[in-house]
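Report on the structure
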Amino acid sequence: LLGRWPEGRPDAILVANPLSRFTAPALLAGWWHRIPVATIVADLTTAQAGQRPVTWLRNWLQSWMVRLSPGTIVFSSHTTTRFRQGKPSMRMVRPPASWLLDLPQPPREPADRAVYFAGALSEAAGVNLLLDAISLVQDPTLEFWISGRGLLQARIDRLAATDPRIKFLGFVSDARYGELLQRAAVLVNPRPSRLIENRYNFP
């Protein structure tokens, strides 16, 4: 706030996530020194009924910071619709982990006839939606690869025992994950946006 910029006055202030302990000082410094501020809204949980008072207040403050920020960079258009109507905002595609960019390009041809899900085996990650959908796909030549760990693993094991197209691969290493990404024909990330933990953090 006093203008002590270690490497000179910045052209802009960029804040990663609307945590009030970081964003509030950034907004204040930006206003005081007339420096543009933008907040990357990569992880936002809003205040909801039933949360503990401290949690509710923290989440309310984060939402308020998103509204106050002169500019935002969002991953989900729901954030713009709810908090940023008529205000500067830009939607960005979440970049992959840097090591994924080092995989052979283009991917292996021809791809295996496989649909691949990797991630938390939970309702929040949408793996239950994938499991429901598999029974609707009649093509016997397709395979469904699933890797990760979580509470729905037992359901996956039961379905895999009755449907040979389902291949549960467990929790895989980065190298194995990269190989599977290259081999699969389709990658799925079916996170349901009705869940508050996904709505503002995923497209």
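Residues numbered from 1 in each chain as written. Predicted model: local features only at pLDDT ≥ 70, side-chain atom pairs only at ≥ 80, totals over all residues. Heavy atoms only, no water.

In spatial order, the strands read E1-E2-E3-E4; together these 4 strands make up an open sheet with parallel pairing. The open sheet has two edge strands, strand E1 (13-16) and strand E4 (89-91), and neither has a second partner. The mean inter-strand angle of the sheet, taken between neighbouring strand axes irrespective of direction, is 20°. As paired strands, strand E2 (residues 37-41) and strand E3 (residues 71-74) are joined by 4 bridges and run parallel to one another. Residue pairing for E3: Ala38 is matched across the bridge by Gly71. (Pairing = 2+ DSSP bridges. Helix = DSSP H or I, 4+ residues; strand = E, 2+ residues; numbered from the N terminus. Axes fitted to C-alpha atoms, helices over the stretch in contact; angles between N-to-C directions.)

Turning our attention to the packing of helix H4 (residues 127-134) against helix H5 (residues 153-162). Packing of H4 against H5 leaves a shortest axis separation of 11 Å and a crossing angle of 15°. Accordingly, the angle class assigned to the pair H4 and H5 is roughly parallel. Here the hand of the crossing between H4 and H5 comes out left-handed. Here Val127, Asn128, Leu131 and Asp132 of H4 lie close against H5, whose contacting residues are Arg155, Ile156 and Leu159. Each residue belonging to the contact of H4 with H5 can be placed in one class, and the counts come to 4 nonpolar, 1 polar and 2 charged. (Parallel < 35°, antiparallel > 145°, perpendicular 65-115°, else oblique. Left-handed = near helix turned anticlockwise from the far one by under 90°. Contact = heavy atoms within 4.5 Å. Nonpolar A, V, L, I, M, F, W, Y, C, P; charged D, E, K, R; others polar.)

By themselves, these are just geometric observations and shouldn't be taken as functional.
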